[in-house]
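Residues per chain are reported as follows:
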Amino acid sequence: MRWWVNKNALKAAAGEGFYSRQGYFVDFNSPRWVLSKDVGVQVETIEEFLDVGLLHGFKRVLCYFAKSHSPSHVVNMFDRCKAYLVSTIGQNPFSVASLISYYSTLNEKTEWYMGVIRVFLRQWSRLGYQGLPEGVMTLLDKWVIKGNEKGFVVQSMCPESGPLTDIEMEGVVVAIIEALSARRLTLEDASCALLLAMTGRRPIQITGLKVKDLLGLSTGKYWINFPRAKQRAQSWRSEFNEFAIVEDIYLLLQQQATAVEERFAELIGERVPAKL
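Remember, predicted model here, so these are calculated numbers, not experimental data.

## As for a nonpolar patch on the surface
Thinking step 1. Taken together, the side chains of Tyr64, Leu127 and Tyr129 present a nonpolar region at the surface, about 230 Å² in accessible area.
Thinking step 2. Positionally, leucine 127 belongs in helix H5 (residues 112-127).
Thinking step 3. Leucine 127 sits in the partly exposed class, given a relative accessible area of 33%.

## With respect to the side chain of serine 36
Thinking step 1. Within the secondary structure, serine 36 is located in the loop between strand E3 (33-34) and strand E4 (40-41).
Thinking step 2. There is a polar contact of 3.1 Å between the side chain of serine 36 and the backbone nitrogen of valine 39.
Thinking step 3. Each residue touching serine 36, except ones within four places of it in the same chain, is listed here: Gln22, Tyr24 and Pro71.

## Considerations on unusual backbone geometry
Thinking step 1. Its identity as a non-glycine residue notwithstanding, phenylalanine 94 has a phi of 65°, on the positive side.
Thinking step 2. Overall, phenylalanine 94 belongs to the buried group, its relative accessible area being 0%.
Thinking step 3. One non-glycine residue, arginine 183, lies in positive phi territory at about 60°.

## Considering helix H3 (residues 71-87)
Thinking step 1. In a regular helix each residue adds 1.5 Å, so 17 residues correspond to 24 Å; H3 covers 24 Å between its end C-alpha atoms and thus fits that length.
Thinking step 2. Of the residues making up H3, those classed as buried are Pro71, His73, Val74, Met77, Phe78, Arg80, Cys81, Tyr84 and Leu85.
Thinking step 3. Looking at the buried residues of H3, the elements they touch are E4, helix H2 (52-68), helix H4 (96-103) and H5.

## Brief notes about the confidence of the model for the protein
Close inspection of predicted coordinates is inappropriate for parts of the model with low pLDDT.
Thinking step 1. With 85% of its residues at a pLDDT of 70 or more, the protein shows a mean pLDDT of 83.
Thinking step 2. Scored below 50 in pLDDT, residues 1-6 makes two contacts in the model with residues more than four places away or belonging to other chains.
Thinking step 3. When the criterion is pLDDT under 50, residues 152-157 qualifies, and its contacts beyond four places in sequence or with other chains add up to seven contacts.

## Observations regarding the sheet that holds strand E7 (residues 240-245)
Hydrogen bonds between backbone groups are what pair the strands of a sheet, and the pairing can be parallel or antiparallel.
Thinking step 1. Taken together, three strands build an open sheet; the order of strands is E5-E6-E7 and the sheet is antiparallel. A single partner strand is all that each edge strand has here, and the edge strands are strand E5 (214-216) and E7. In this sheet, adjacent strand axes meet at a mean angle of 30° when their direction is disregarded.
Thinking step 2. Note that strand E6 (residues 222-227) and E7 share six bridges and pair antiparallel. The partner of tyrosine 222 across the bridge, within E7, is isoleucine 245.
Thinking step 3. Helix H11 (residues 247-268) rests against E5, E6 and E7 of the sheet, and its axis sits at about 130° to E5.

What counts and what doesn't
- Residues numbered from 1 in each chain as written.
- Predicted model: local features only at pLDDT ≥ 70, side-chain atom pairs only at ≥ 80, totals over all residues.
- Heavy atoms only, no water.
- Patch = residues over 30% accessible without salt bridge, like charges linked within 9 Å, V, L, I, M, F, W, Y side chains within 5 Å.
- Areas by Shrake-Rupley, 256 points an atom, 1.4 Å probe, with all protein chains shown as cover.
- Salt bridge = Lys/Arg side-chain N within 4 Å of Asp/Glu carboxyl O.
- Helix = DSSP H or I, 4+ residues; strand = E, 2+ residues; numbered from the N terminus.
- Buried < 20%, exposed > 50% of the residue type's maximum accessible area, 1.4 Å probe, protein only.
- Polar contact = N/O pair within 3.5 Å; in protein donor to acceptor, adjacent residues only side chain to side chain.
- Contact = heavy atoms within 4.5 Å.
- Expected span 1.5 Å × (residues − 1).
- pLDDT = per-residue confidence, 0-100.
- Pairing = 2+ DSSP bridges.
- Axes fitted to C-alpha atoms, helices over the stretch in contact; angles between N-to-C directions.

Given below as structure tokens:
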């Protein structure tokens, strides 16, 4: 009997790698961690700022967040920590003096950067990895740090970067349909564009869809099971929200779903199992 061995699983068990929240295997020693279809972290760019001991602790903490949090959240943490290290180059990394120095450069709109760093260092301390200088957590716990500003362009209805008006959105949908009819857009591109325009879901929710998430009943009810995004410490595709759609969109998406099934069947040489 021939036994098949999952090499990635063996690496993960040995501590040489792990699976991101979205199920991507990541080699711990790789210069770039690919966390999802669209998101990766260039971990090697932090190496010049940290000695071996600090680098190991930093990567282990980043690994913790990569396994339990969204890829975009991990990238944000990495970017904020790297920006701090670049700003305080020449000082001891994560020392009390360097943190105070960096915090003094932030203003009311950017002080949330330090809030992200504090979350990262708190988890570092909880996990027990070496490297954090004495007094750092005492300092961070004393600071009252405001969170980042959310939804400003939407709330202000900014004409440049704010949301489209109903008339503008209608124009977008009409243009997509006309381009599809004239074959200037592929079925795949038109489906993605209409999903964005008609549902308002995040790109990560759309790219995370599977064929089985498109559902319809003979009664004329159609909907999509969108995987919930921005659910910290929750496994990817563990929770869903139903979103009702009209029949025209359902029929278009059904064509795209059929095309995807046919393409996969062609690649694997057999019909795609329904459970996938």
